[in-house]
Amino acid sequence: MEAVFDHYKNNEDVAIYFVNNGLDSTEIITEFIKERNIRIPVLIDKNSLLVKKLKLDGFPTFMLIDKKGNIAEIHTGYSRDEASIFEEQTIKKIDALLS
């Protein structure tokens, strides 16, 4: 997702965040971010309210949310081998939402 983040970092119409489900301590999350040099802002859902509200059952879960706040797409799972393809597809989908 770093490539997607970099692609839109100067676009005020796009916001990209990671959301942690809050099951880990702040210290563990902070260490994870530092170890992996994550530049995308990370929000912590301390009581897993978002997970419960959206009935998420797999991690990681990727969501595209349009300008009106509607969920345009949900994708669950991650494959390091397919990360660049996923990033390219995500950029196309975001561009389509912006047009």
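This write-up is about the structure you can find in this document. (Residues numbered from 1 in each chain as written. Predicted model: local features only at pLDDT ≥ 70, side-chain atom pairs only at ≥ 80, totals over all residues. Heavy atoms only, no water.)

1. Some words on the overall build of the protein chain
Here is the rule we go by: The helix count covers DSSP runs of H or I at least four residues long, the strand count covers runs of E at least two residues long, and both are numbered beginning at the N terminus. Our radius of gyration is a C-alpha quantity, and the globule rule it is checked against amounts to 2.2 Å times the number of residues to the power 0.38. Think of it in three bands: with a 1.4 Å probe and only protein chains considered, a residue is buried below 20% of the maximum accessible area for its type, exposed above 50%, and partly exposed in between. For this analysis, residues touch if any pair of their heavy atoms sits within 4.5 Å. To measure how exposed things are, a 1.4 Å probe is used in the Shrake-Rupley method; for residues, cover is taken only from the protein chains shown.
Secondary structure summary: the protein chain contains 4 helices and 4 strands in total. The secondary structure elements of the protein chain, listed N-terminal to C-terminal, are α-β-α-β-α-β-β-α. Here the C-alpha atoms of the protein chain give a radius of gyration of 14 Å, agreeing with the 13 Å that 2.2 N^0.38 yields for 99 residues. Along the first, second and third principal axes, the C-alpha set of the protein chain runs to 40 × 30 × 30 Å. Among the 99 residues that make up the protein chain, the fraction classed as buried is 24%. Once local pairs closer than 6 in sequence are excluded, the contacts in the protein chain between residues at least 24 apart make up 55%. For the protein chain, the computed accessible surface area is about 7500 Å², with 51% contributed by carbon and sulfur atoms.

2. Thoughts on the pattern of salt bridges
The test is simple: The term salt bridge refers to a side-chain nitrogen of Lys or Arg lying within 4 Å of a carboxyl oxygen of Asp or Glu.
On inspection of all chains with the given rule, the structure shows 4 salt bridges. Between Glu35 and Arg36 there is a salt bridge, with the nearest N and O atoms lying 3.4 Å from each other. Residue classification places Glu35 among the exposed positions, given a relative accessible area of 55%. In this structure, Glu73 engages Lys93 in a salt bridge whose closest nitrogen and oxygen atoms are separated by 3.0 Å. Residue Glu73 is found in strand 4 (residues 71–76), and its partner Lys93 is found in helix 4 (residues 83–98); the two are separated by 20 residues along the sequence. Here Glu73 falls in the partly exposed class, since its relative accessible area comes to 21%.

3. As for the nonpolar core
Burial of nonpolar side chains together is a common tendency in soluble globular proteins. Spelled out, the test is: Here, nonpolar core means buried Ala, Val, Leu, Ile, Met, Phe, Trp, Tyr and Cys residues that are tied together by side-chain atoms lying within 4.5 Å of each other.
Ranked by size, the top nonpolar core spans 12 residues in total: Val4, Phe5, Tyr8, Val14, Ile16, Ile38, Ile40, Phe62, Leu64, Phe86, Ile91 and Ile94. Leave out the neighbours within four places in its chain, and Tyr8 touches Val14, Ile16, Ile91, Ile94, Asp95 and Leu98.

4. Describing the packing of aromatic side chains
Put simply, the rule is: What counts as a ring pair is set by centres within 6.5 Å for rings of Phe, Tyr and Trp (its six-membered ring), and what kind of pair is set by the plane angle: stacked under 30 degrees, edge-to-face over 60, tilted for all other angles.
Per the counting criterion, the structure on display carries 1 aromatic pair. Ring centres 5.1 Å apart and planes at 80° place the aromatic pair Phe62 and Phe86 in the edge-to-face group. Placement of Phe62 in strand 3 (residues 61–65) and of Phe86 in helix 4 is noted, with a sequence separation of 24 residues between them. The exposure class assigned to Phe86 is buried, which follows from its relative accessible area of 18%.

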